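# What the coordinates show
Residue strings, one per chain:
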Amino acid sequence: MVLKIVRTVWPVMLTYVAIGAPCGMIMGQTGMEPWMVFALSSTFVTGSGQFMICNLWLAGVPTPSIIASVAAISSRFALYSASIAPHLTGASKRQTLAVAATLTEEAYGISLAKLVEGEDWGPRESFVLNVILIATWGVSCTMGAIVGAVVDVPTAIAAFVCTSLFICLLFSQRLSRGNVVAAVSGAVFVAVCKFLGLANIAVPASVVAGIAIALACDAVFDGRGARDAR
Amino acid sequence: MPVNEFLVLWLSSWAAIAFFRTAPAFALRGRTLSPRITEALGYIPPAAFAALVANDLVSPSAFDAGLWPALVPWIAAAGVVVVAVKTKSMLWCCVSGIVLYIVLSLI
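Within each chain, residues carry numbers counting from 1 in the order of the written sequence. As they are written, the chains are lettered A onward and the ligands numbered 1 onward, keeping that order. Where totals are concerned, whole chains, interfaces and linings use all residues; where local detail is concerned, this predicted model gives features only for residues with pLDDT of at least 70, and gives and counts side-chain atom pairs only at 80 or more.

The biggest cluster of nonpolar side chains holds 104 residues, and the ones touching the most others in it are A:Leu165, A:Ile167, B:Ala47 and B:Ala51. Among the elements that take part in this core, helix α9 (residues 155-171) of chain A stands out by supplying 12 residues, more than any other. Domain borders in the structure are assigned automatically or taken from a domain database. Each of domain 1 (2-172) and domain 2 (174-230) of chain A accounts for three or more of the residues forming this core. The residues contacting A:Ile167, other than those within four sequence positions of it, are B:Val53, B:Ala77, B:Val80, B:Val81, B:Ala84 and B:Cys93. As used throughout, a nonpolar core is a set of buried Ala, Val, Leu, Ile, Met, Phe, Trp, Tyr and Cys residues joined through C-beta atoms within 7 Å of each other. With C-beta atoms placed from the backbone, a residue is buried if 20 or more other C-beta atoms are within 10 Å of its own, exposed if 12 or fewer are, and partly exposed between those counts. Numbering of helices and strands starts at the N terminus; helices are DSSP runs of H or I of at least 4 residues and strands are runs of E of at least 2. The contact criterion used is a C-beta to C-beta distance within 7 Å, with each C-beta placed from the backbone.

A word on the interface of chain B and chain A. Chain B puts 59 residues into the contact, and the matching count from chain A is 76 residues. Looking at the side of chain B that touches chain A, the elements with two or more residues in it are α1 (3-27), α2 (35-57), α3 (67-87) and α4 (90-106) of chain B.

Another point: the packing of helix α2 (residues 34-44) of chain A against helix α8 (residues 123-150) of chain A. In helix packing, the relevant descriptors are the interaxial angle and the interaxial distance, both defined with respect to the helix axes. All names here are of chain A. All axes are obtained by fitting lines to C-alpha atoms, using only the stretch in contact for helices, and the reported angles, taken between N-to-C directions, cover 0 to 180 degrees. Put simply, α2 and α8 touch, their axes get as near as 8 Å, and they point 155° apart. In terms of axis orientation, α2 runs roughly antiparallel to α8. Relative to α8, α2 is oriented so that their crossing is right-handed. The residues of α8 that touch α2, namely those facing Pro34, Val37, Phe38, Ser41 and Ser42, are Ile134, Trp137, Gly138, Cys141, Thr142, Ala145 and Ile146. Along the lines of polarity and charge, the residues of the contact of α2 with α8 split into 8 nonpolar, 4 polar and no charged. Convention used here: angles under 35 degrees read as roughly parallel, angles over 145 as roughly antiparallel, angles from 65 to 115 as roughly perpendicular, and any remaining angle as oblique. Handedness of a crossing is defined here by the sense of rotation of the near helix relative to the far one, left-handed for an anticlockwise turn of less than a right angle and right-handed for a clockwise turn. In the scheme used here, Gly and all other residues not listed as nonpolar or charged are polar, with Ala, Val, Leu, Ile, Met, Phe, Trp, Tyr, Cys and Pro taken as nonpolar and Asp, Glu, Lys and Arg as charged.

With respect to the helices, strands and loops of the structure, B:Ala40 is situated in helix α2. Residue B:Ala40 is classed as partly exposed on the basis of its 18 C-beta neighbours within 10 Å. With residues up to four places along the chain from it excluded, the contact list for B:Ala40 reads A:Ile211 and A:Leu215.

So, about helix α10 (residues 177-195) of chain A. What sets the pattern is the α-helix's 3.6 residues per turn: residues three or four places apart point alike. All names here are of chain A. Each helix should span, by expectation, one fewer than its residue count multiplied by 1.5 Å. With 19 residues, α10 ought to run about 27 Å at 1.5 Å a step, and its terminal C-alpha atoms sit 27 Å apart, in line with that. Among the residues of α10, Asn179, Val181, Ala182, Ala183, Ser185, Gly186, Ala187, Phe189, Val190 and Cys193 are the ones counted as buried. Gly197 sits one or two residues past α10 and shows a positive phi near 80°.

What follows is the structure, given as structure tokens:
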């Protein structure tokens, strides 16, 4: 079964190695020991959350603000978890916990497709797939941290790797009116916070502001659409 | 990073991530999230990634070191945007970002 899953998932494993190694190097830049990198990587299994921690830590943002930012960005897992739930109705509570707790974006995509197709795939296969990807990510990040401790990478360049990754993730979002409003509002709010000397809370406060403005914008346009329809 | 601070950062963030991963799978077995909540959750990634990019690029003291050093991250970021739109590849975005940043810093 493991070999069958590896044959399905090896391209994702290669991507994890390619992204995990530099991620581990940057984590090493924050002063994390290799054991810390392994513990964090193999439990978080979220590149954006890990890059975010490093980026905000290097920028001197206080710990509560970093935790709030990571929690906010990780809330997307609730969507994945919610959408995979109907396909786990036949699974035991333990199996549901095992699959949901180890969910990653890529594993979610593969598992959901396989569960929908129903082709010889169940919670057990989904869990093994998750574990393979978590192990690949954890080891890649740790190897990156070990190599990064030997090779000196300037902090500004390391931080710009995070910026590049966030730009990629931003432009991978669906281009819709609400998303554009949320993104522009979030970015403008950060700039305002920083110029007002509120850099410590800039990111989490801007995320909340961006979502609120996008929802308000939707409500206004939906109301106008309903009036036009009448 | 001090061990105590790491443990607070790691365990608190992990608790939040684990909650988001597991709670809906248990709470919604056989049910679905309301459209309003789904909509709000869907806006988090664009708002958060835009806020993070702006947080890296906007600095009130950026021009203290001169015009060119302040413009380097913005020009490099513009280059990464082109790569992101064309390829949607995290790897190519990271590679192009590093290369652009280094080359522009050397000018």
